[in-house]
Amino acid sequence: MYDWIIDVLFWIAVVFLAGVYVSWRATRLDRLHVRVETARAALDAALVRRAAATLELAASRLLDPATSLVLATAAHEARTADADNREFAESDLSRALRAVVDQPEFVGSLTAKGAGEGVLDELSAAAAKVAYARRFYNDAVSQARIARRKLLIRVLPLAGRAPLPDFFEIDDDPPGI
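Residues numbered from 1 in each chain as written. Predicted model: local features only at pLDDT ≥ 70, side-chain atom pairs only at ≥ 80, totals over all residues. Heavy atoms only, no water.

Trainee: Where do I start with the overall build of the protein chain in this structure?
Mentor: Assigned secondary structure in the protein chain consists of six helices and zero strands. Reading the secondary structure of the protein chain in the N-to-C direction produces α-α-α-α-α-α. Against the compact-globule benchmark of 16 Å for 177 residues, the protein chain has a radius of gyration of 25 Å, which places it well outside the compact range. Overall, the protein chain is about 95 × 30 × 20 Å in size when its C-alpha atoms are taken along their principal axes. Split into buried and exposed, the 177 residues of the protein chain put 34% on the buried side. Residue pairs at least 24 apart in sequence account for 77% of intrachain contacts in the protein chain once pairs closer than 6 positions are excluded. Accessible surface, the protein chain as shown: approximately 10,700 Å² in total, 61% of it carbon and sulfur. Charged side chains of the protein chain number 22 positive and 24 negative; the gap between the two group centres comes to 5 Å. (Helix = DSSP H or I, 4+ residues; strand = E, 2+ residues; numbered from the N terminus. Rg over C-alpha atoms; globule rule 2.2 N^0.38 Å. Buried < 20%, exposed > 50% of the residue type's maximum accessible area, 1.4 Å probe, protein only. Contact = heavy atoms within 4.5 Å. Areas by Shrake-Rupley, 256 points an atom, 1.4 Å probe, with all protein chains shown as cover. Lys, Arg positive; Asp, Glu negative; His and termini not counted. Charge placed at Lys NZ, Arg CZ, Asp CG, Glu CD.)

Trainee: Got a minute to help me understand the layout of surface pockets in this structure?
Mentor: Rolled over the atoms, a probe sized like a water molecule indicates the empty space that remains. Considered as a void within the structure, the largest pocket measures approximately 150 Å³ in volume. Taken together, the residues that form the lining of the largest pocket break down as five nonpolar, one polar and two charged. (1 Å grid on protein atoms, 1.4 Å probe; cavity = no way out; pocket = protein on both sides within 12 Å on 5 of 7 lines; lining within 4 Å. Points joined across faces, edges and corners; volume = space filled by probe spheres on them. Nonpolar A, V, L, I, M, F, W, Y, C, P; charged D, E, K, R; others polar.)

Trainee: Hey, could you run me through the environment of isoleucine 5 in this one?
Mentor: Mapped onto the elements, isoleucine 5 comes out in helix 1 (residues 3–58). For the pair isoleucine 5 and glycine 108, spaced 103 residues apart in sequence, the C-alpha to C-alpha distance is 84 Å.

Trainee: Can you help me understand the nonpolar core in this one?
Mentor: Note that soluble globular proteins tend to have their nonpolar side chains buried in a common cluster. Residues Leu57, Leu63, Leu71, Leu93, Phe106, Leu110 and Leu123 are the most contacted members of the largest nonpolar core, which totals 21 residues. Those elements that provide at least two residues to this core are helix 1, helix 2 (65–80), helix 3 (86–101), helix 4 (106–112) and helix 5 (116–148). Considering each element in turn, this core owes the most residues, five residues, to helix 3. Each residue touching leucine 57, except ones within four places of it in the same chain, is listed here: Leu63, Leu71, Leu110, Val119 and Leu123. (Core = buried A, V, L, I, M, F, W, Y, C linked by side-chain atoms within 4.5 Å.)

Trainee: How should the packing of aromatic side chains be read in this particular structure?
Mentor: Pairs of aromatic rings are described using the distance from one ring centre to the other and the angle between the two planes. The full count for this structure, using the stated rule, is two aromatic pairs. Geometry around tyrosine 137 places arginine 40 over its ring, the cationic atom sitting 5.5 Å from the centre. (Phe/Tyr/Trp six-rings, centres within 6.5 Å; stacked < 30°, edge-to-face > 60°. Lys NZ or Arg CZ within 6 Å of the ring centre and 35° of its normal.)

Trainee: Explain the packing of helix 2 against helix 3 to me, please; I cannot follow it from the model alone.
Mentor: Any two packed helices are characterised by how steeply their axes cross, that is the angle between the axes, and by the distance between the axes. For the pair helix 2 and helix 3, the least separation of the axes is 8 Å and the interaxial angle reads 160°. Taken together, the axes of helix 2 and helix 3 are roughly antiparallel relative to one another. For the crossing formed where helix 2 meets helix 3, the hand is left-handed. Where helix 2 approaches helix 3, its residues Thr67, Val70, Leu71, Ala74, Ala75, Glu77 and Ala78 are matched on the opposing element by Arg86, Ala89, Glu90, Leu93, Ala96, Leu97 and Val100. (Axes fitted to C-alpha atoms, helices over the stretch in contact; angles between N-to-C directions. Parallel < 35°, antiparallel > 145°, perpendicular 65-115°, else oblique. Left-handed = near helix turned anticlockwise from the far one by under 90°.)

Here is the structure:
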């Protein structure tokens, strides 16, 4: 006689648990997208800091004019590049830094001038932070892409209209300071 009540309660429980699971997956995906956005902001800050440290070195009058011009131009291009050319400009800055700093006796001659040690320390720290921030960002993008490939996410459009995040691939090998 009460079998239909038990059946209704069973189906209500199933629908409730399915709703809780879908809500949990949607919340997790949202957290992953927030993580990607936060990691991108940290990466942008690290890239700007590296460009600023490069400009500071170029303007320090510790380098010859040609080297200063090369570094200043590469740093300016990295700071002002649009979204489509940013990866190329940042890679060019990395290569310019390595070409200048990895010259024989560069660090020794700069530190002998006195004020160069602080600028080199700041540049070294900024270059290392770029490498770490890029790895962290690409890891977050990878996690979000894996989550978005799940069948439930694709069948029920839980990602909404959020664009699929892209990796940020640059040459971020720091100079040998």
